[in-house]
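Commentary on secondary and tertiary structure
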Amino acid sequence: MDKLSALIFDVDGTLADTERDGHRVAFNRAFEESGLDWYWDQARYGELLRVTGGKERIRLYLAEAHPDLLRAPDIEARIRALHGAKTRHYLALLEAGAIPLRPGVRRLLQEARAAGLRLAIATTTTPENVTTLLRTALGADGLQWFEVIAAGDIVSAKKPAPDIFHLALSELGLAPAACLALEDSANGLRAALGAGLPTVVTTNGYTRDQDFSGAVAVLNGFGEPDAPVTVQAGTPPASGHVDVASLKTWHQEAQGPARAP
Ligand code: XBP
Ligand code: MG
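As the structure is a prediction and not an experimental result, all values here were calculated from the model. (Residues numbered from 1 in each chain as written. Chains lettered and ligands numbered in written order. Predicted model: local features only at pLDDT ≥ 70, side-chain atom pairs only at ≥ 80, totals over all residues. Heavy atoms only, no water.)

Geometry reference: four tetrahedral donors at a metal, ideal angle 109.5 degrees. Six octahedral donors, ideal angles 90 or 180 degrees. Binding of the magnesium ion (ligand 2) to the protein goes through Asp10 (OD), Asp12 (O) and Asp184 (OD), at separations of 2.1 to 2.3 Å. Written as a sequence motif, the donor arrangement for the magnesium ion (ligand 2) is D-x1-D-x171-D. One end of the pair, Asp10, is in the loop between strand 1 (6–9) and helix 1 (19–33); the other, Asp184, is in the loop between strand 4 (179–183) and helix 8 (186–194), and 174 residues separate them in sequence. Taking relative accessible area as the criterion, Asp10 reaches 4% and is therefore assigned buried. (Donors = N, O, S within 2.8 Å, 3.2 Å for Na, K, Ca; no water. Helix = DSSP H or I, 4+ residues; strand = E, 2+ residues; numbered from the N terminus. Buried < 20%, exposed > 50% of the residue type's maximum accessible area, 1.4 Å probe, protein only.)

Moving on, we get to the domain arrangement of the chain. When the domains of the chain are assigned, the result is domain 1 (6–17 + 101–254) and domain 2 (19–95). Carbon and sulfur atoms make up 49% of the area that domain 1 and domain 2 hide from each other, which totals about 1400 Å². Three residues, Asp12, Asn129 and Tyr206, lead the burial of domain 1 against domain 2; their summed loss comes to 39% of the area buried on that side. Applying the counting criterion to the domain 1 and domain 2 interface returns three salt bridges. Here Glu95 ties to Arg135 by a salt bridge, and the two come within 2.5 Å at their closest N and O atoms. Put simply, domain 1 and domain 2 have seven residue pairs in polar contact (both at pLDDT 80 or more) between them. Top element by residues in the side of domain 1 that touches domain 2 is helix 6 (residues 127–138). It accounts for six residues. When the residues that make up the side of domain 1 that touches domain 2 are grouped by side-chain class, the tally is two nonpolar, seven polar and seven charged. (Domains from an automatic or database assignment. Buried area = accessible area lost by both parts, 1.4 Å probe. Salt bridge = Lys/Arg side-chain N within 4 Å of Asp/Glu carboxyl O. Polar contact = N/O pair within 3.5 Å; in protein donor to acceptor, adjacent residues only side chain to side chain. Nonpolar A, V, L, I, M, F, W, Y, C, P; charged D, E, K, R; others polar.)

Pairing within the open sheet is mixed, and its seven strands lie in the order 3-2-1-4-5-6-7. Whereas interior strands pair on both sides, the edge strands pair on one side only; in this sheet they are strand 3 (148–151) and strand 7 (231–233). Averaged over all adjacent pairs, the angle separating strand axes in this sheet is 20°, with direction ignored. Along the sheet face, helix 9 (residues 244–255) touches strand 1, strand 4, strand 5 (199–202) and strand 6 (217–219) and points at about 110° away from the line of strand 4. (Pairing = 2+ DSSP bridges. Axes fitted to C-alpha atoms, helices over the stretch in contact; angles between N-to-C directions. Contact = heavy atoms within 4.5 Å.)

Once that is clear, we can look at the packing of helix 3 (residues 54–65) against helix 4 (residues 75–95). At a minimum axis distance of 9 Å, the contact between helix 3 and helix 4 shows a crossing angle of 125°. Looking at the two axes, helix 3 sits oblique to helix 4. Of the two possible hands of crossing, helix 3 and helix 4 adopt the one that is right-handed. Across from Gly54, Lys55, Ile58, Arg59 and Leu62 in helix 3, the residues of helix 4 making contact are Ile75, Glu76, Ile79, Arg80, Leu82 and His83. Of the residues that constitute the contact of helix 3 with helix 4, the class distribution is five nonpolar, two polar and four charged. (Parallel < 35°, antiparallel > 145°, perpendicular 65-115°, else oblique. Left-handed = near helix turned anticlockwise from the far one by under 90°.)

The next subject is helix 6. For helix 6, spanning 12 residues, the distance from its first C-alpha to its last is 16 Å, which sits close to the expected 16 Å at 1.5 Å a residue. Here helix 6 has its buried residues at Asn129, Val130, Thr132, Leu133, Leu134 and Leu138. Positive phi appears at Gly139, one or two residues downstream of helix 6, with a value of about 100°. (Expected span 1.5 Å × (residues − 1).)

Moving on: the pattern of salt bridges. Applying the stated criterion across every chain, the model contains 16 salt bridges. One salt bridge connects Arg59 with Glu76, and the closest N-O pair in it is separated by 2.9 Å. Of the two residues, Arg59 is situated in helix 3 and Glu76 in helix 4; the sequence distance between them amounts to 17 residues. One salt bridge in this structure joins Asp153 and Lys158, with 2.7 Å as the shortest N-O distance. The exposure class assigned to Asp153 is partly exposed, which follows from its relative accessible area of 48%.

Our focus in this paragraph is the environment of Thr202. Relative to the helices and strands, Thr202 resides in strand 5. Residues Thr202 and Phe222 lie 20 residues apart in sequence; the distance between their C-alpha atoms is 6.9 Å. Dropping the residues within four chain positions of it, Thr202 is found in contact with Gly13, Thr14, Arg102, Glu183, Asp184, Leu219, Gly221 and Phe222.

Lining the immediate surroundings of ligand 1 are 18 residues, of which Glu19, Gly54, His83, Thr123 and Thr126 lie closest. For ligand 1, an oxygen atom lies 2.8 Å from a polar atom in the backbone of Asp12. Protein coverage of the free-state accessible area of ligand 1, which is 440 Å², stands at 96%. For the shell around ligand 1, the secondary-structure elements that each account for two or more residues are helix 1, helix 3 and helix 4. A per-class count over the shell around ligand 1 returns two nonpolar, 10 polar and six charged. Inspection of the shell around ligand 1 shows a minimum of three residues originating in each of domain 1 (6–17 + 101–254) and domain 2 (19–95). (Near = heavy atom within 4 Å. Areas by Shrake-Rupley, 256 points an atom, 1.4 Å probe, with all protein chains shown as cover.)

What follows is the structure, given as C-alpha cells:
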C-alpha cells in the first residue's frame, strides 16, 4: 500500500473557474481587437471546450465556422498571433483579480503543505497563465508552493492524452500510486487515468454532466467547513468538505484492499 506523497492539480476549472468569465472573455476581446466578428457565447464556448488548448480550440472553431480560412498559407501564424493576444487579455483579467480561486482551494493547499504533501500542477493552459494565477491568488510566494508546474505546449499531446501527467510524475520522481490527481473535466480525468493516477473530480458549470467513470470521487467542489460539498460519486468526506484526511481515504480506496504480506 503506497503512502500518499503528492497531489497533482489541474488548473482551469479545478484551482479556479477560469473558462466562462476568463478564457472565453479573453478570446472574444482578442477577436474584437483583431477586427474579427467572431464571438463565442457561453454555450458555444462550452461546445468548443471539448478540445483542450487555446490554439487547438481556435482551429476547431475555424474548422466548424470558417473552414476556408484553414487553407490560408499563413493560418498557423495567424492562430498563434491571435492566441498571443488572447493570453495578453487573460493575464490582464488575472492581474485585475477577476478570477479568484475556487472555494476551499487555498485552505486545502495550505493543509496539504502543512501535512507534508508535495504539490504539482499538470495543465493544458499556457505556463504564464499558471504562474500569474498562482502569484495573484496566493501571493508572491505562491509559485514556491508547487514543486512542479507542467503546462501547455511542453508536451505535444494535450489532455486527454496522459503526457502532461507523465511529465509531472517524472519531475516529481514518484510512481502514480503515491499520488492523487485533482481534475474538473472528462478530458482531464482521462488524461490522469491514462497516467495511472487515482483521480478526484470537482465539477463546475461546464463539466457537471460529463462522464467521470473511473474517478475515485466526484464532488461539486472542495467545499469549506461552513459550505459542505455535494457528492456525486465516492465516499463522502467525513468533515463535509475536501481535506487531507478525505484525500488520504480516497487514495487508500483507490489502491484497493490491503494485500496480505
Ligand atoms: C484547460 C484548457 C486550456 C484553457 C485555455 O486547461 O484546455 O486550453 O482552456 O488556456 P486545464 P490556453 O483544464 O488542463 O488546466 O488558451 O492557454 O490553452
Ligand atoms: Mg481543467
